[in-house]
Amino acid sequence: MLNYADHHGFPVVIFIDTPGAFADLKSEELGQGESIAQNLRTMFGLTVPVVSIVTGEGGSGGALAVVCANKLLMLENAVLYVASPEACAAILWKTAKASPKAAEKLKITANDTCKLQISDGIIPVRFFPYLIRFDLAI
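Residues numbered from 1 in each chain as written. Predicted model: local features only at pLDDT ≥ 70, side-chain atom pairs only at ≥ 80, totals over all residues. Heavy atoms only, no water.

Student: Go over the environment of A96, please, and point to the residues and values.
Tutor: Its location among the elements puts A96 in the loop between α5 (85–92) and α6 (99–106). In the structure, A96 is positioned 44 residues away from S52 in sequence and 30 Å away in space, judged by C-alpha atoms. For A96, the contacting residues outside a window of four places in its chain are E86, A89 and A90. (Helix = DSSP H or I, 4+ residues; strand = E, 2+ residues; numbered from the N terminus. Contact = heavy atoms within 4.5 Å.)

What follows is the structure, given as structure tokens:
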């Protein structure tokens, strides 16, 4: 789709809400890492504008594969990270119970990423009233 958009001169808008790629042997055997790398290479070669919007969770390689855009925007309550706070806490402090501390240190919030110039802007949630948490509505 990215190549099609580029060929026809269509801008690309990507909405991101993913906990990230699975970090297991089976996923790697199935080519997950290669798919992420190929997507990154394709996106870096696009000549059309690309806007990525993190609407919730932008985690790990799954999000990394689609955040390399001309503009990266985040909803005000969204998060973006390379390693989840739970994984970071387990590595650094040997317990996932330290995940709140890890989340603070990782600077994963929309405000943090904007201050660090990782993201280009924050979209107030009031501009997306149609976003409904279906898992909470059941």
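Now that the structure is up, let's keep going.
Student: Can you lay out unusual backbone geometry for me, pointing to particular residues and giving the numbers?
Tutor: Look at K94: it is not a glycine, yet its phi comes out positive at around 60°. Here K94 shows up in the loop between α5 and α6. A relative accessible area of 69% places K94 in the exposed class. A positive phi angle, close to 55°, is found at K107, a residue other than glycine. (Buried < 20%, exposed > 50% of the residue type's maximum accessible area, 1.4 Å probe, protein only.)

Student: Tell me about the nonpolar core, residues and numbers included.
Tutor: Membership of the largest hydrophobic core comes to 25 residues, with the highest contact counts inside it found for V12, I14, I16, M43, V54 and L80. When residues of this core are traced back to their parent elements, those giving at least two are α1 (2–8), β1 (12–18), α3 (32–44), β2 (50–59), α4 (60–67) and β3 (71–75). Not counting chain neighbours up to four residues away, the residues in contact with L80 comprise V54, G58, A63, V67, L72, M74, I108, T113 and I118. (Core = buried A, V, L, I, M, F, W, Y, C linked by side-chain atoms within 4.5 Å.)

Student: Give me the packing of α3 against α4: which residues, what numbers.
Tutor: Closest axis-to-axis distance for the α3/α4 pair is 8 Å, and the angle between their directions is 20°. For the element pair α3 / α4, the angle class is roughly parallel. α4 is crossed by α3, and the crossing has left-handed handedness. Here α3 contributes I36, N39, L40 and M43 to the contact with α4, which in turn contributes G61, G62, L64, A65 and V66. Broken down by class, the residue content of the contact of α3 with α4 amounts to six nonpolar, three polar and no charged. (Axes fitted to C-alpha atoms, helices over the stretch in contact; angles between N-to-C directions. Parallel < 35°, antiparallel > 145°, perpendicular 65-115°, else oblique. Left-handed = near helix turned anticlockwise from the far one by under 90°. Nonpolar A, V, L, I, M, F, W, Y, C, P; charged D, E, K, R; others polar.)

Student: Give a detailed account of a nonpolar patch on the surface, specifying residues and quantitative values.
Tutor: A surface patch of nonpolar side chains, about 310 Å² in accessible area, is lined by I91, L92 and W93. Examined against the element boundaries, L92 turns out to sit in helix α5. (Patch = residues over 30% accessible without salt bridge, like charges linked within 9 Å, V, L, I, M, F, W, Y side chains within 5 Å. Areas by Shrake-Rupley, 256 points an atom, 1.4 Å probe, with all protein chains shown as cover. Salt bridge = Lys/Arg side-chain N within 4 Å of Asp/Glu carboxyl O.)

Student: Outline α5, supporting the account with residue identities and numerical values.
Tutor: Turning to α5, its buried residues are P85, C88 and A89. All buried residues of α5 fall inside an arc of 100° around its axis, so they share one side. Contact partners of the buried residues in α5: β4 (79–81) and α6. Positioned one or two residues after α5, K94 has a phi angle of 60°, which is positive. (Arc of directions from axis to C-beta.)

Student: Explain the packing of aromatic side chains to me, using residue names and the numbers behind them.
Tutor: Scanning the entire structure with this criterion turns up one aromatic pair. Here Y4 and F10 contribute two aromatic rings whose centre-to-centre distance is 6.2 Å and whose plane-to-plane angle is 50°, an arrangement assigned as tilted. Take Y4: its relative accessible area is 49%, and that puts it in the partly exposed class. By relative accessible area, F10 is classed as partly exposed at 42%. (Phe/Tyr/Trp six-rings, centres within 6.5 Å; stacked < 30°, edge-to-face > 60°.)

Student: Account for the side chain of S119, with residues named and values stated.
Tutor: Along the chain, the position of S119 falls in the loop between α7 (110–115) and β5 (121–123). A polar atom in the side chain of S119 sits 2.9 Å from the side chain of T113. At 3.3 Å, the side chain of S119 and the backbone nitrogen of C114 are in polar contact. Apart from the residues within four sequence positions on either side, S119 is in contact with L72, M74, A110, T113 and C114. (Polar contact = N/O pair within 3.5 Å; in protein donor to acceptor, adjacent residues only side chain to side chain.)

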